[in-house]
Structures are given as C-alpha cells and as structure tokens.
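Each chain is listed here by its residues.
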Amino acid sequence: MNDLPGGDAAIERVYRAEFGKVVASLAGRFGSLDLAEEMTQEAFVEAVRRWPTEGVPPNPGGWLTVTARNKALDRLRRESTRQARHEEADMLAAHEDPGAPVTSVTDERLRLLFTCCHPALAPEAQVALTLRLLGGLTVPEVANAFLVPERTMAQRITRAKRKIAAANIPYRVPRDHELPGRLRGVLAVIYLVFTEGHLPGSGEHGIRDDLCAEAIRLGRVLRELMPDEPEVAGLLALMLLTDARRAARLDAGGALVTLDLQDRSLWDRELIAEGHALVRECLRRNRPGHYQLLAAVNAVHTDAPAFADTDWGQVLALYDQLYAVTPTPVVALNRAVAVAEVRGPASALAVVDALDLDGYHPYHATRADLLRRLGRAPEAVAAYDRALELTANPAERAFLAGRRDALP
Amino acid sequence: MTQYLLSVWHDRDATPEDIYPDPAEREAAYAATGAFNEELRTSGNWVFAGGLHSPNTATVVDGTGNEPVTTDGPYSEAKEQMGGFWVIEAADLDEALALAARGSKACRGRVEVRPFQGE
C-alpha cells in the first residue's frame, strides 16, 4: 500500500475490494486503461485524505467511482484543445447522475479481466496487468511478487497498456465461439498467480500467502461473474482445497511436509467444506474439465481423515480422466504418484522412466521417492541431487535434502 | 476502425520454390490467397495488398545527407525478410487476428499483425 500513506485497515479493505471495480468502470466509460488506472489511484488518495476526518461514506465504492470519474472528466477537459473533446466531456457530464447506481460494474470487471488476459499480450504481461488493474496491487508489489526490478515491471505494464491502446485490443467479453479458448487463458493467469504463491519458484519464501489470497480473490470474482462455467468453479475449488492445507505444508524449520506426514488437524475445515461443495456442483453439471478434475483429486485427499484412508483407486481414476483431457507429461507424472499407491512403486517407476521431463524438478523428486521406496538408495540420492539442482524454493530444498540425507 | 499491416515473413534467401517445394501446393497457395483477397474486398476490410520480389532486389537510399547514397540489398540484415503484405481495416485487433489467421492459412506462412498509427 505504498501509494496510500496513512491507509488504515478499513481503507485497505475498501481498496482491495473496490480498486478493480473502479478501474473497470472508468475503462468502460473512457476507453483508456491509463486514465482509468491513474484516476482510480487519485480517488483513493483523496479518500485517504478525507475519510479520516469526514468519515467513510455509506457507499465507498460508489463514492470512489464518482470521484474518479469526475477527476477523469476534469482531466479530459483540461487536456482537450479541440472543441470535439469538449463536447465529448460535456456529453458524458450531462449523463452524470450521482444518485444512480453504478451501471453493471460486474460486467465491466469481466471485460477488464478478458482485456488484461488477451492472448496478444505476453503471458507475464497478462499476469502483471491483472494484478495491477484488477487486484489493485501497486507496481512495486507486482514487481516484488515476480522478483523482477520495479523499473522492469513498470515498463512491462506500460508497454502492455500501450499495446492495448495502439493495436485496438477490444474491451469486451469475447463472443460465444471464442469464449472457451479465451476463458482458458484467464483461468491460466489466475492459476499462475496461485501457484507462484503456493510454491514460489525462487526467493526466500516457501509460500507466498499474499499471492495465494489474491488468486483466490480473483477466482471468487470470476465465479461471481460467470457462475455457470464449470471450469471457473473447478479452479476456485482447486485453489481453496490446496490453500486449506497451507498451515500443514511447512514444518517448524520451514521444510515442505508431504501429504502423508501432514497434521490434518491443521487443515482449514471451512475452506475444505466450500471446496467440496463446489466439486459436488461440478459433478452435478457433468461437464468435466482440467481444473474440475484436479479439484476432484484434491477433494479425495481432503476427504480422507488420515493418509491411510485415501481412496487411491478414485485418485487414479480421476488422473486417467485428466490425462484424457490434458495428455501432457506433467499430468502423466502426477498420475504416476497414484499408480505407486495402487500398483506399487515399481509400476510407477516404469511409467515415470518413460517420460521426457529431465528439466522439471518434480520429475526427479518423484523418481527419487520411488527409488527410495524400492530400496535403490544410490540411484535415489542421484535423483534427489538432480531435483535439488533444479529448484530454488527453500521449503522444497529443505525437504529434498532431508530425504536424501536420511538415505543409507 | 483501425488499419493493420499483415506481413508475411520468409527466410532471406528463400525462392518461391523453397517456400512451396511442391508446384501443385504453390498453385493451391496462390489460388487460396487470391480467393482470400477477393473475400477481403467483399467484406470491406481490403485496403491494399501485394507480394514482393526477393530481398536481394532491394536498394537502400539514404537521402539524409547532401547527396543521396544508394546501397544494394535490403536495409535489415535479419535472416527473415518480409515477402508480402496486406493492409486491412478492421473493427479491432480480434477481427484483425481472425483475418490474419485466414490469410496465414491461405498463403501457408506466418503473419505478423501490426497496427498503423491513427489519425
């Protein structure tokens, strides 16, 4: 909250909840993301200045939207040198009714999300824009999240906004025939934010709670906006069921704790109940997809009172379905973990050895574990070493090194 | 409406025979491209289009000094050079990308989409 000096908890909450809505509303109105972002920021600065003495208005979101909109109109009037611009601003002002509810803010946010996640933008720019414009993260916060210098991140965001304007990337929800593909892109961006928080690829932290929370918040917004899309429900369920186990995922020393050794009393029962309800809803719809199946796998795990109670036959069946939907080596690798439980580590190792994933550290970590269980210690040590070479996450490194060093 | 340059890129030294080794395939690509051009005219997206001779037919002229200086060959030494292009008018980038996808299929080449500066 670097841009909001003196922002207290109430304003911080309003900021997180309203920033994206205000940006979306202004972008829809004025067609400029730059103007929308800047005026929203200014409206919050004014809120920080006035609310402590005047009190928080009854409808903070409406106050912010009207304030930001008026600032935008002022800016346009000031900057307009041509009569046409004056007329445009006057026309917009004429339609202003401060008492009226802000029109279909939810639609505007959905449009903003699809614009931020347009496939013509680089994936890292999609993530950055989404976090900045919808999540309201400041540029330093987004830079920090992805461990790039602030200047680099500022340039990345500026360049993306410039491309949206210059190339005339449309500000709209895609048409029906484009929707499935475009929605996949949006889901991928949100899940990328989540996985970066759940298992950061680098940096000093084993888990980044802030990024997980932001991804779940975006997932909830999307679910609210597209309640009939099963994959949207699936992604939210997947994130909730994964995040529910967060407190049990690291030990006191910060090392990763695998599912079999986690203290299940630390799992968040409320998140699990919410996730399970979503998974049940997906089952009822019976239109399975990638995220729904991953959520279902996590539902099986979170349903088991103890590791020994896990219904591995069900997990394996779900991975078979997932592989049919997403036939990638990474899915095959995760499926192999279930194969090990159902048919034994030797069968699983045969599956794993056939995969071409040499640069992917979970491949070596999985292989190492299977070799360890088969009593092939020297090969297991070599595999742990290879996995350690490939990951910078401190929690994972501590876990892998611990397992390796425990081998004879 | 925005105007876009849809450019097709080839290896610098590629001849038409390299790009379309099979003569039947070459004829099919030409025919498909011609048909696509016709569709652009009908739909109102057409502004201009053309195929270019190979980059070694290019000449660079530098008129910024007292006397113009001419140099043989293309300006860019890049391995990939523009082989042809369309200039189209589209409602937005989504429409331009959809047209580029069809153009790409027609001419059997990858297409770069780049907006013109407006007004």
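Predicted, not measured: the structure shown is a model, and the values here were computed from it.

## Points about the overall build of chain B
At step 1: The secondary structure content of chain B amounts to three helices and six strands.
At step 2: From first element to last, N terminus to C terminus, chain B shows the α and β order β-α-α-β-β-β-β-α-β.
At step 3: Here the C-alpha coordinates of chain B stretch approximately 45 × 45 × 20 Å along the principal axes.
At step 4: Looking at chain B as a whole, 21% of its 119 residues qualify as buried.
At step 5: Of the contacts formed within chain B by residues at least 6 apart in sequence, a portion of 73% connects residues at least 24 apart.

## Re the overall build of chain A
At step 1: The helix and strand inventory of chain A stands at 20 helices and zero strands.
At step 2: Overall size of chain A, expressed as C-alpha extent along the three principal axes, is 80 × 40 × 40 Å.
At step 3: Relative to its full complement of 408 residues, chain A shows a buried share of 42%.
At step 4: If you take every contact in chain A between residues at least 6 apart in sequence, the share linking residues at least 24 apart comes to 61%.

## Examining the pairing of strand 2 (residues 46-51) of chain B
Looking along a regular strand, one sees the side chains alternate between the two faces of the sheet.
All names here are of chain B.
At step 1: Counting buried residues in strand 2 gives zero out of six residues, a small share hidden from the surface.
At step 2: The pairing of strand 2 with strand 5 (residues 80-90) spans five bridges and is antiparallel. Opposite G50, over in strand 5, you have F85 as the bridge partner.

## A closer look at the interface of chain A and chain B
At step 1: If you look at the interface, chain A gives six residues, while chain B gives six residues.
At step 2: The class makeup of the residues in the side of chain A that touches chain B is five nonpolar, one polar and no charged.

## Here's the deal with the sheet that holds strand 5 of chain B
Whenever strands of a sheet pair, they do so through backbone hydrogen bonds, lying parallel or antiparallel.
All names here are of chain B.
At step 1: With antiparallel pairing, the four strands of this open sheet are ordered in space as 2-5-1-6. The sheet terminates laterally at strand 2 and strand 6 (111-115), the two strands that pair on one side only. Between one strand axis and the next, the sheet turns by 20° as a mean value, whatever way the strands run.
At step 2: By the bridge criterion, five bridges tie strand 1 (residues 2-11) to strand 6 in an arrangement that is antiparallel. Among the inter-strand pairings, Y4 is bridged to a residue of strand 6, identified as P115.

## Comments concerning the packing of helix 16 (residues 329-343) of chain A against helix 18 (residues 361-373) of chain A
Residues and elements named next belong to chain A.
At step 1: One can describe the packing of helix 16 onto helix 18 by two numbers: an axis separation of 10 Å at closest approach and a directional angle of 15°. It follows from the interaxial angle that helix 16 and helix 18 lie roughly parallel. In the packing of helix 16 onto helix 18, the handedness of the crossing is left-handed. Side by side, helix 16 and helix 18 meet where L333, A336, V337 and A340 of the first sit next to P362, Y363, T366 and L370 of the second.
At step 2: Per-class residue counts for the contact of helix 16 with helix 18 are seven nonpolar, one polar and no charged.

## Details of the packing of helix 14 (residues 290-303) of chain A against helix 15 (residues 312-325) of chain A
Residues and elements named next belong to chain A.
At step 1: Where helix 14 meets helix 15, the closest approach of the two axes is 9 Å, and the angle between their N-to-C directions is 170°. Between helix 14 and helix 15, the crossing angle belongs to the class labelled roughly antiparallel. Between helix 14 and helix 15, the contacting residues are H290, L293, L294, A296, V297 and V300 on the first element and Q314, V315, L318, Y319, Q321, L322 and V325 on the second.
At step 2: When the residues that make up the contact of helix 14 with helix 15 are grouped by side-chain class, the tally is 10 nonpolar, three polar and no charged.

## Describing the environment of B:E77
At step 1: Relative to the helices and strands, B:E77 is located in the loop between strand 4 (69-72) and strand 5.
At step 2: Taking the C-alpha atoms as reference, B:E77 lies 21 Å from B:R114; in sequence the two are 37 residues apart.

## Topic: the confidence of the model for chain A
At step 1: Residues with a pLDDT of 70 or more make up 91% of chain A, whose mean pLDDT is 89.
At step 2: Counting contacts from residues 1-6 of chain A, a segment whose pLDDT is below 50, to residues more than four positions away or on other chains yields 12 contacts.

## Topic: helix 13 (residues 269-285) of chain A
Owing to its 3.6 residues per turn, the α-helix brings residues three or four apart onto one side.
Residues and elements named next belong to chain A.
At step 1: In this model helix 13 runs 24 Å from its N-terminal to its C-terminal C-alpha over 17 residues, within 8% of the 24 Å that 1.5 Å per residue would give.
At step 2: Among the structural elements, helix 11 (230-243) and helix 14 are those in contact with the buried residues of helix 13.
At step 3: Two residues or fewer after helix 13 comes N286, characterised by a positive phi angle close to 55°.

## As for the environment of A:L26
Residue and element names in this part refer to chain A.
At step 1: In this structure, L26 sits in helix 1 (residues 9-30).
At step 2: It is 8.3 Å that separates the C-alpha atoms of L26 and A72, two residues lying 46 residues apart in sequence.
At step 3: If we ignore the near neighbours within four places in the chain, the residues touching L26 are L35, A36, M39, T40, A68, R69 and A72.

## As for the environment of A:R403
At step 1: Mapped onto the fold, A:R403 is located in helix 20 (residues 394-405).
At step 2: Not counting residues within four places of it along the chain, the set of residues in contact with A:R403 comprises A:R372 and A:Y384.

## A short note on the pairing of strand 3 (residues 59-62) of chain B
All names here are of chain B.
At step 1: Direction of pairing for strand 3 relative to strand 4: antiparallel, over a ladder of four bridges. Counterpart to V61 in the pairing with strand 4 is T70.
At step 2: Between strand 3 and strand 4, which pair antiparallel one after the other, the connecting turn spans six residues.

## Notes on unusual backbone geometry
At step 1: The backbone phi angle of A:N286 is positive, close to 55°, even though this residue is not glycine.
At step 2: With respect to the element layout, A:N286 can be found in the loop between helix 13 and helix 14.
At step 3: One non-glycine residue, B:R108, lies in positive phi territory at about 60°.
At step 4: Relative to the helices and strands, B:R108 resides in the loop between helix 3 (93-107) and strand 6.

## Notes on the confidence of the model for chain B
Residues and elements named next belong to chain B.
At step 1: Per-residue confidence for chain B gives a mean pLDDT of 93, with 99% of residues at or over 70.
At step 2: Confidence, read as mean pLDDT per element, is least for helix 1 (residues 16-19) in chain B (81) and greatest for strand 6 (97).
At step 3: Across the interface, the model reports ipTM at 0.87; the global pTM reads 0.83.

Definitions and cut-offs
- Residues numbered from 1 in each chain as written.
- Chains lettered and ligands numbered in written order.
- Predicted model: local features only at pLDDT ≥ 70, side-chain atom pairs only at ≥ 80, totals over all residues.
- Helix = DSSP H or I, 4+ residues; strand = E, 2+ residues; numbered from the N terminus.
- Buried ≥ 20, exposed ≤ 12 C-beta atoms within 10 Å, placed from the backbone.
- Contact = placed C-beta atoms within 7 Å.
- Pairing = 2+ DSSP bridges.
- Nonpolar A, V, L, I, M, F, W, Y, C, P; charged D, E, K, R; others polar.
- Axes fitted to C-alpha atoms, helices over the stretch in contact; angles between N-to-C directions.
- Parallel < 35°, antiparallel > 145°, perpendicular 65-115°, else oblique.
- Left-handed = near helix turned anticlockwise from the far one by under 90°.
- pLDDT = per-residue confidence, 0-100.
- Expected span 1.5 Å × (residues − 1).

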